[in-house]
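Chains, contacts and geometry: an overview
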Number of protein chains: 2
Amino acid sequence: MPEWTELRDIALEAREKSIPKQWLLPEDQLPPKDQLNVLDVARSSGILSAEELVMLDQDVAELLEAYKSKKWTVRQVVTAFLKNSVIVHQLTNYATEFLADEALARADELDAHLASTGTLAGPLHGIPVSIKEQLTLAKRINHGGFVNLIANPPPAEDAHLARLFRAAGAVLTVRTNIPQSLMHLDCENNIYGRTRNPRHLLLSPGGSSGGEGVSIGARCAVLGIGTDIGGSVRAPAAFNACYGLRPTALRIPVLGHSGVAAGQESIRGVAGPLANSVEGLELWMRSVLEQEPWEYETSLMPVPWNKDVQLGEFTVGVMWDDGELMRRETTSIVKPHPPVTRALKHAVDSLKAAGVKVVDWEPLDHQRGWDILAPLYFPDGGQRWLSAFSATNEPILPLTQHALNFSLNTGKTPLSIADNWDLNYARETYRREHHLLMKARGVDFILCPAYPGAGVLQGQSRYWGYTSIWNILDLPAAVLPSGLAVDKAVDGGGAVEGYEGRNEMDREEVKAYDPELFHGFPIALQLVGKRFRDEDVLAATKVLDTALKSKR
Amino acid sequence: MPEWTELRDIALEAREKSIPKQWLLPEDQLPPKDQLNVLDVARSSGILSAEELVMLDQDVAELLEAYKSKKWTVRQVVTAFLKNSVIVHQLTNYATEFLADEALARADELDAHLASTGTLAGPLHGIPVSIKEQLTLAKRINHGGFVNLIANPPPAEDAHLARLFRAAGAVLTVRTNIPQSLMHLDCENNIYGRTRNPRHLLLSPGGSSGGEGVSIGARCAVLGIGTDIGGSVRAPAAFNACYGLRPTALRIPVLGHSGVAAGQESIRGVAGPLANSVEGLELWMRSVLEQEPWEYETSLMPVPWNKDVQLGEFTVGVMWDDGELMRRETTSIVKPHPPVTRALKHAVDSLKAAGVKVVDWEPLDHQRGWDILAPLYFPDGGQRWLSAFSATNEPILPLTQHALNFSLNTGKTPLSIADNWDLNYARETYRREHHLLMKARGVDFILCPAYPGAGVLQGQSRYWGYTSIWNILDLPAAVLPSGLAVDKAVDGGGAVEGYEGRNEMDREEVKAYDPELFHGFPIALQLVGKRFRDEDVLAATKVLDTALKSKR
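All of these numbers come straight from a predicted model, not from anything done at the bench.

Analysis parameters
- Residues numbered from 1 in each chain as written.
- Chains lettered and ligands numbered in written order.
- Predicted model: local features only at pLDDT ≥ 70, side-chain atom pairs only at ≥ 80, totals over all residues.
- Heavy atoms only, no water.
- Helix = DSSP H or I, 4+ residues; strand = E, 2+ residues; numbered from the N terminus.
- Rg over C-alpha atoms; globule rule 2.2 N^0.38 Å.
- Buried < 20%, exposed > 50% of the residue type's maximum accessible area, 1.4 Å probe, protein only.
- Contact = heavy atoms within 4.5 Å.
- Areas by Shrake-Rupley, 256 points an atom, 1.4 Å probe, with all protein chains shown as cover.
- pLDDT = per-residue confidence, 0-100.
- Domains from an automatic or database assignment.
- Buried area = accessible area lost by both parts, 1.4 Å probe.
- Axes fitted to C-alpha atoms, helices over the stretch in contact; angles between N-to-C directions.
- Parallel < 35°, antiparallel > 145°, perpendicular 65-115°, else oblique.
- Nonpolar A, V, L, I, M, F, W, Y, C, P; charged D, E, K, R; others polar.
- Core = buried A, V, L, I, M, F, W, Y, C linked by side-chain atoms within 4.5 Å.
- Phe/Tyr/Trp six-rings, centres within 6.5 Å; stacked < 30°, edge-to-face > 60°.
- Lys NZ or Arg CZ within 6 Å of the ring centre and 35° of its normal.

Things to note about the overall build of chain A
The helix and strand tally for chain A stands at 19 helices and 13 strands. The C-alpha radius of gyration computed for chain A amounts to 22 Å, which stays within 12% of the reference 24 Å derived for 552 residues, consistent with globular compactness. Referenced to the eigenvectors of the C-alpha coordinate spread, the extents of chain A come out at roughly 65 × 60 × 50 Å. Counting over 552 residues, chain A shows a buried share of 64%. Intrachain contacts of chain A at a sequence separation of at least 6 include 81% that bridge at least 24 residues. Within the structure as shown, chain A displays about 18,700 Å² of accessible surface, and the carbon and sulfur contribution to it stands at 51%.

This is the structure we're talking about:
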């Protein structure tokens, strides 16, 4: 096996070759070093025409309409998104490979199809889609955040989910960056380095689908394909002011994803959408499930997408703090920052104004959930991961070690087979009790933070609890923008001043709140529903989204 | 922990107390020792009235009609079944506990309910149901075939599935015997000894739901509740000339079942029905699933029962031998006995006469399936099982050791966590390939043996392959009577003479065929369908059953 630097250089060279250089910003147009918000740089660069800028702001339905009415061709739209992608990448380092040649060729095919048949090729005809590097693509380098995997021969076919997107008519335009080992809520690895947040270059784009967060949040694609085992779709959606869904496990394909723990079933990674609207999330899910993926990937459940959900009246329980009323020692509950609490209050007001019943939700002992989950992330004591790193002498990054420590610090790993059974059983008991509690309290959805803060500094995203709890519970969870941003005048200091903290993590996270740093940064929310009722979660997220927008 | 003999005596005393002695056959009416078929002894004993004998032969629909029309009360019917149960138990040792007092009290409640409301209390109103000991019942001894578990304090509530049966109106009349550790296709343990087959006392009743096989096959109950992780519903159904279904995993509750491996998810045990008709199997499944068990047992999939299946035209593939065309070394494929092959031919003729398309089915490398499955039965190297036995010095029975050896002989157990992942992944790949092969060949159902022979001697059921392959593939599989019996004049010798065998197991099983011993013993068949299409399997089993009956 070659040294990690050698393999890294192979991947870097492949990326470099893939970049359509004609759309790069000239050196002299780059923003000054002290400009931290670069979200609008591409738009004001002159590289995109006025019409191309309009294209970037369209959602799926509008693009399909534009194609049908011959207002735009797929080639035109894909070109606009590619241009934006190249510049955003130049500013944030979010892409691992551009698929420009293939995308434009596919665009031409789709344009020809429409011209000759008068019909769209599928529900995602000509929709620019970015795809997390973890999903393998045929005849390309695939690594999943492990340098040693770069040495693997390219597979003969795409990951299952990628095939379904292509079959639905989508145009895959760019592959996006991920952290080492996929186990950070951040986006740094030894191949490409850090991806930065275009809204604030010092802040994290989230992770592990960090590149996807940037891609969708900066409108480099209309839909994004992410994956999530502890918050990896939702943190990037939250930190990039877009929408994301962690679906119930066993609905969406995961076959052909890179990694070192295939066959690990105790805590399942899932694939899920990022988009700029609830409609985008819904169409993403529907386009996949209408293809009956369980007929190929037989581990999936044959539960069709219900596109005619009728929610009726429903009740939202608000979880203000994941350790509320906890009266025992904890290691892993954390108080949200003041801006997040303010956004929750704003959401409650908005829901109530829309006639939705809202109650408080006292969490079901999230420390217990964490104690089940933590050893299951690396039940082998991390041996598979450590072997992968040592194979090329790849250095272990701090947040990788932080994640490994989730399991190692329990003192229980490597688990025996029987230890693993006991944790599986505890997990099922916890899920059952949580479901029965929601029913007993008459709560249909739980509104909660997506992260303790609105954002987090690069390399500092240590607390997973607000997202990972829904992974151990296997509940569908959507992230959406609250419409509010951090405001140092309103939020500054606040409840955090004088707060003692309930454990080391809680104290660390409280210190991470810095009103100056985060001023102006958007605040996200998370809405969680019942297992296999992903459709209901999206329907309720739509109600909340509409309520939030009408309150602005 | 007390010695095993002490705990055994506690369970034996509880059983003894539970037997309604007034219905036992007097000593002088017991059949002679050399009478091996005792199926009709109860019927000719005079203990049941002529009308009670008619009751025993009714199926669910007919009983419900009789209750509604006030022809019979539930008390009358339950009494008839209890009488028969007591005598059959006397002859076969199939029961672990009679629930007579509770059953008659419940019968009176149901009769009162019907009298006062004019409606039935549920879809199984007053239907006598027997229940495998493995399903725990509140305030009673529960052991699941492990003597040490007798020492456990009784649980506060019944197993989930038992609760659902009660809620559907069923009357639980008797708990039935199981083998040590539940891991025999036979029915012997250190508490009650051997259960015998009422059709031939030297032969096995099958297992692990052996007591259920006797119960339903000898009409001690109308429906039976079994469980199956390698053939444990199907072998007893096959050897007792009744009907059984191994449902797809994660449809039917398993919460509250005794055992030592809760949380083991790599190869899932399932609960399933035994009945005297396909309609019985269907109603059992429907009555459970209409109660939406996933709303309580959240590990179950929310897949409702489809009671309006329209099969249309379908194709059956016949698997004549599970090692057909295998050209490599094997340890676990076995040639069926001549009577079983004859029954398959008869079924093919019957299906063709009914207009069903039938083709040959060459199996997808069942040795590969076994090699994945074998280490997963005791992935901990059997440590949990051995600890349970050694806790009370309970002797390990030969078929228990035989099953333990499935895993131990692989030389791979105890598995590491990562070994287990690899096997999970191999299992999913195998399932996918099998599904795609069925689709590619246009085969909707696979017709195959339920066991290499029509029956097997007590203590000799060593080969699981014809049933366990559908557990590793997680496919729904029904067993039904072929309507034929072994006929030494027709089957004798046959293809077995001079057959060399392809491995040690194959040679052993061929030797087990004895036309004299099995003469007159009924021959079963197995029909297998696609995952989560349990409804389709039952619909096709109905077609096959009707075709077989019309050919008689």
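After that view, the rundown keeps rolling.
Looking at the confidence of the model for chain A
Residues and elements named next belong to chain A. Of the residues in chain A, 99% have a pLDDT of 70 or more, and the chain-wide mean is 97. The element-level mean pLDDT for chain A is lowest in helix H17 (residues 504-511), coming to 93, with strand S2 (residues 128-132) highest at 99. Reported confidences for the modelled complex are a pTM of 0.97 and an ipTM of 0.97.

Description of the domain arrangement of chain A
Residues and elements named next belong to chain A. Assigned domains of chain A: these are domain 1 (4-25 + 49-259 + 268-295) and domain 2 (315-551). When each unit is reduced to the centre of its C-alpha atoms, the spacing between domain 1 and domain 2 is 25 Å. On the domain 2 side, the residues contacting the 49 residues of domain 1 number 57 residues. When domain 1 packs against domain 2, the two sides together hide about 4,400 Å² of surface, and 60% of this comes from carbon and sulfur.

With respect to the packing of helix H10 (residues 338-353) of chain B against helix H19 (residues 534-551) of chain B
All names here are of chain B. Axis separation between H10 and H19 bottoms out at 8 Å; the angle between their running directions is 100°. The angle between the axes of H10 and H19 places the two elements in the roughly perpendicular class. Packed against H10, whose contacting residues are His346, Ala347, Asp349, Ser350 and Leu351, the element H19 presents Leu544, Ala547, Leu548 and Lys551 at the interface. The residue makeup of the contact of H10 with H19, split by class, is 5 nonpolar, 2 polar and 2 charged.

Here's the deal with the nonpolar core
Formed by 166 residues in total, the largest nonpolar core has its most connected members in Phe165, Tyr377, Leu447 and Trp470 of chain A. Looking at this core element by element, the count peaks at 10 residues for helix H4 (residues 74-92) of chain A. For Phe165 of chain A, the contacting residues outside a window of four places in its chain are Leu124, Val129, Ala170, Leu172, Ile225, Trp284 and Val288 of chain A. Among the nonpolar cores identified, the runner-up in size contains 165 residues, and Leu25, Val74, Tyr94 and Leu300 of chain B belong to it.

A short note on the packing of aromatic side chains
Residue and element names in this part refer to chain A. What the rule picks out here adds up to 24 aromatic pairs over all chains. Between Phe239 and Tyr451, the ring centres sit 5.1 Å apart and the planes meet at 85°, which makes this aromatic pair edge-to-face. Here the residue Phe239 occupies a position in helix H8 (residues 234-239), and Tyr451 occupies one in the loop between strand S11 (445-448) and helix H15 (465-472), the gap between them amounting to 212 residues. Residue Tyr451 is classed as buried on the basis of its relative accessible area, which comes to 4%. Each member of the aromatic cluster is reached from another via a ring pair, and the members are Trp370, Tyr377, Phe406 and Trp464. Taking NZ or CZ as reference, Arg441 lies 4.4 Å from the ring centre of Trp361, over its face.

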